[in-house]
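Residues per chain are reported as follows:
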Amino acid sequence: MSDHDHEAARLAHARLPEGLRPETLAVRTALAPSQHGENSEGLFLTSAFVQPDAETSARRFAEMEDFTYARTSNPTVRSLEARLAAMEGAEAAVATSTGMSAILLLVMGLLKSGDHVVCSRSVFGSTVSLFAKEFAKFGVETSFVSQTDLAEWRAAIQPNTKLLFAETPTNPLTDVCDIAALADIAHGAGALLTVDNTFCSPALQRPLALGADLVMHAGTKYLDGQGRVMAGALCGPRSLIHDVFGPTLRTAGMTLAPFNAWVVLKGLETLSLRMRAQSEATLAVAQWLERHPAVSRVYYPGLKSHPQHELAMRQQSGLGGAVLSFDVHADGPEAAKTKAFHVIDSTRVLSIATNLGDTKSIITHPATTSHGRLSEAQRLAVGIGQGMIRLAVGLEHVADITDDLQRGLGSL
Ligand SMILES: *Cc1c(COP(=O)(O)O)cnc(C)c1O
């Protein structure tokens, strides 16, 4: 058997008919069950795998096929990788310990000193730091450009540009970039496009189908979906995942723990239902906020008032996702901060935290938390004022969420 057949034979997926839809793949794709026939995928908590004989052991270590040692691979982790790859429409996936370690793996595997990256200025804060500070120490330089201005991306390309990195929609302003257009720019320059698909997940957005080369995930967010564990992943062609990132991960060890893999594996089974329900609830909250006299602006791709509404609807299965932001009416930054804090502190249902992708709705003040390390001038340059509040909508009843916001908004 070829490596590919060997891999396929281990997948329960191989016994399934062709052409299954993403919802079915999300529930059914995994390694074949053990001899016990468990219907829910097993959790294999073991660091080593016993080999039948020395000859087989030697072959498995040489080929890195089958299971030898858990830094290299583990059946629970392998099931998660297979399921996520199927959902993203990717040939393969590799799971990592966190979302950030997926980006670490991406750059360690793909780039070397002297290479250049073009990255949106509006990506996740730690992603900016990782590219701007950590990778720069190793001679990988990054140019940061506008999320939405394609001319800036084109102008930033250099002869040594190897990677374009985008995230859409962004946090907290929900700016949307055109994945297909960025893929064209990348390929015209002989570079690869990686998209951080954390905010939409494959339930809404499949960047590979739009021309991206790799998808990166913080599995910590919607893939788990219930705020329990940290996880990350890269999805893409077998030639990169198995031949480039696999060996780097096995050596460098940003491996996902089996327990966390199992939690996310089970989270994927309800991803599509959650993303749809949470997106519909977020649209209802966004429309309610847009009508509220104490609110000056709402940022949400599902609203017609969003500058990239049409693009977002095309790219995200007609849904806006489950994160919105809004500005409270105020004169000057001090008053805005006081009012935003009043709205946040008046809630009794929402969680005051800085996560997202949970079933529990989370309310955040970006200017003093996720974007607190920026200067006031830098924040204003990107449009994050003291009066801005971010909401990551969960699965509570919509009316309980708007009632909770009204406690503060109604008494400003
Ligand atoms: C949370 C997040 C990350 C980082 O993921 P961790 O699991 O926290 O390391 C990266 N990108 C986006 C868009 C995120 O929301």
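Residues numbered from 1 in each chain as written. Predicted model: local features only at pLDDT ≥ 70, side-chain atom pairs only at ≥ 80, totals over all residues. Heavy atoms only, no water.

Trainee: Looking at this structure, I do not really get the domain arrangement of the protein chain. What am I missing?
Mentor: Note on interface size: it is often stated as the accessible area lost on association of the parts. The domain boundaries assigned to the protein chain delineate domain 1 (3-268) and domain 2 (271-409). Each of domain 1 and domain 2 has a C-alpha centre, and the two are 28 Å apart. Facing 31 residues of domain 1, the contacting portion of domain 2 comprises 34 residues. Buried surface at the junction of domain 1 and domain 2, both sides included, amounts to about 2,800 Å², of which 58% is carbon and sulfur. Our count for the contact surface shared by domain 1 and domain 2 stands at one salt bridge. Here Glu23 ties to Arg276 by a salt bridge, and the two come within 3.1 Å at their closest N and O atoms. Across the domain 1-domain 2 interface, the total number found is 14 residue pairs in polar contact (both at pLDDT 80 or more). (Domains from an automatic or database assignment. Contact = heavy atoms within 4.5 Å. Buried area = accessible area lost by both parts, 1.4 Å probe. Salt bridge = Lys/Arg side-chain N within 4 Å of Asp/Glu carboxyl O. Polar contact = N/O pair within 3.5 Å; in protein donor to acceptor, adjacent residues only side chain to side chain.)

Trainee: Any chance you could explain the pairing of strand β1 (residues 92-96) here in plain terms?
Mentor: Consecutive side chains along a regular strand alternate between the two faces of the sheet. With respect to burial, β1 is a largely interior element, five of its five residues being buried. Of the two faces of β1, the one lined by Ala92, Val94 and Thr96 and the one lined by Ala93 and Ala95 are each fully buried. Judged from the five bridges that link them, β1 and strand β7 (residues 232-236) form a sheet pairing that is antiparallel. When the bridges of β7 are listed, Ala92 appears paired with Gly236. (Buried < 20%, exposed > 50% of the residue type's maximum accessible area, 1.4 Å probe, protein only. Helix = DSSP H or I, 4+ residues; strand = E, 2+ residues; numbered from the N terminus. Pairing = 2+ DSSP bridges.)

Trainee: What is the right way to read the site of the ligand from this model?
Mentor: In the neighbourhood of the ligand, 13 residues make up the surrounding shell, with Gly99, Met100, Asp196, Thr220 and Lys221 lying closest. Separating an oxygen atom of the ligand from a side-chain N or O atom of Thr220 is a distance of 2.6 Å. Contact distances for the ligand include 2.6 Å between an oxygen atom and a side-chain N or O atom of Lys221. Protein chains bury 94% of the 380 Å² of accessible surface belonging to the ligand in isolation. Considered class by class, the residues forming the shell around the ligand number six nonpolar, four polar and three charged. (Near = heavy atom within 4 Å. Areas by Shrake-Rupley, 256 points an atom, 1.4 Å probe, with all protein chains shown as cover. Nonpolar A, V, L, I, M, F, W, Y, C, P; charged D, E, K, R; others polar.)

Trainee: Teacher, can you tell me more about helix α11 (residues 258-268) here?
Mentor: Residues three or four positions apart in an α-helix share a direction because the helix packs 3.6 residues into each turn. Counting buried positions along α11 yields eight of 11 residues, so the element is predominantly enclosed. Among the residues of α11, Pro258, Asn260, Ala261, Val263, Val264, Leu265, Gly267 and Leu268 are the ones counted as buried. Looking at the buried positions of α11, the neighbouring elements they touch are α2 (22-28), α4 (75-88) and α12 (271-291).

Trainee: Looking at this structure, how should I read the pattern of salt bridges?
Mentor: Side chains carrying opposite charge are able to pair once their charged atoms draw close together. Applying the stated criterion across every chain, the model contains 14 salt bridges. Residues Lys112 and Asp115 are paired through a salt bridge, measuring 3.5 Å at the closest nitrogen-oxygen approach. Given the relative accessible area of 4%, Asp115 is considered buried. A single network of salt bridges, built from pairs that share partners, joins Glu41, Arg83, Lys266 and Glu269.

Trainee: Would you mind showing me how to read the packing of α4 against α11 here?
Mentor: When two helices pack together, you describe them by how their axes are tilted relative to each other and by the distance separating the axes. Contact geometry for α4 and α11: axes closest at 8 Å, N-to-C directions at 35 degrees. In this structure, the crossing between α4 and α11 has a hand that is left-handed. Here Thr76, Val77, Ser79, Leu80, Arg83, Leu84 and Met87 of α4 lie close against α11, whose contacting residues are Pro258, Ala261, Trp262, Val264, Leu265 and Leu268. Considering only residue class, the contact of α4 with α11 consists of 10 nonpolar, two polar and one charged. (Axes fitted to C-alpha atoms, helices over the stretch in contact; angles between N-to-C directions. Left-handed = near helix turned anticlockwise from the far one by under 90°.)

Trainee: Help me understand the sheet that holds β7 in this model?
Mentor: Through backbone hydrogen bonds, the strands of a sheet pair up, either in parallel or in antiparallel fashion. Strands sit in the order β1-β7-β6-β5-β4-β2-β3 across an open sheet of seven strands; the sheet is mixed. One side of each edge strand has no neighbouring strand; the edge strands of this open sheet are β1 and β3 (141-145). With strand direction ignored, the average angle separating the axes of adjacent strands in the sheet is 20 degrees. Note: strand β6 (residues 214-218) against β7, four bridges, orientation antiparallel. Bridge pairing in β7 links His217 to Ala233. Across the sheet, helix α5 (residues 99-110) is in contact with β1, β4 (161-167), β5 (192-196), β6 and β7; its angle to β6 comes to roughly 150 degrees.

Trainee: What am I meant to see in unusual backbone geometry here?
Mentor: Trans is the common state for peptide bonds, and a negative phi is the common state for residues other than glycine. With an omega dihedral of -5 degrees, the bond running from Thr168 to Pro169 counts as a cis peptide bond. Checked against the element boundaries, Pro169 lands in the loop between β4 and α8 (179-188). Phi is positive for Thr174, close to 60 degrees, though the residue is something other than glycine. Note that Thr174 resides in the loop between β4 and α8.

Trainee: Got a minute to help me understand the packing of aromatic side chains in this structure?
Mentor: For the structure shown, the criterion picks out four aromatic pairs. A ring pair is formed by Phe49 and Phe67, whose centres lie 5.5 Å apart and whose planes are at 35 degrees; its orientation type is tilted. With Phe49 in the loop between α2 and α3 (54-63) and Phe67 in the loop between α3 and α4, this pair connects stretches of sequence that are 18 residues apart. Like Phe67, Phe49 is buried. Between Phe259 and Trp262, the ring centres sit 6.2 Å apart and the planes meet at 35 degrees, which makes this aromatic pair tilted. Separated by three residues within a single helix, Phe259 and Trp262 lie in helix α11, roughly one turn from each other. Three or more aromatic residues joined by ring pairs make a cluster, and in this case those are Phe131, Phe135 and Phe165. (Phe/Tyr/Trp six-rings, centres within 6.5 Å; stacked < 30°, edge-to-face > 60°.)

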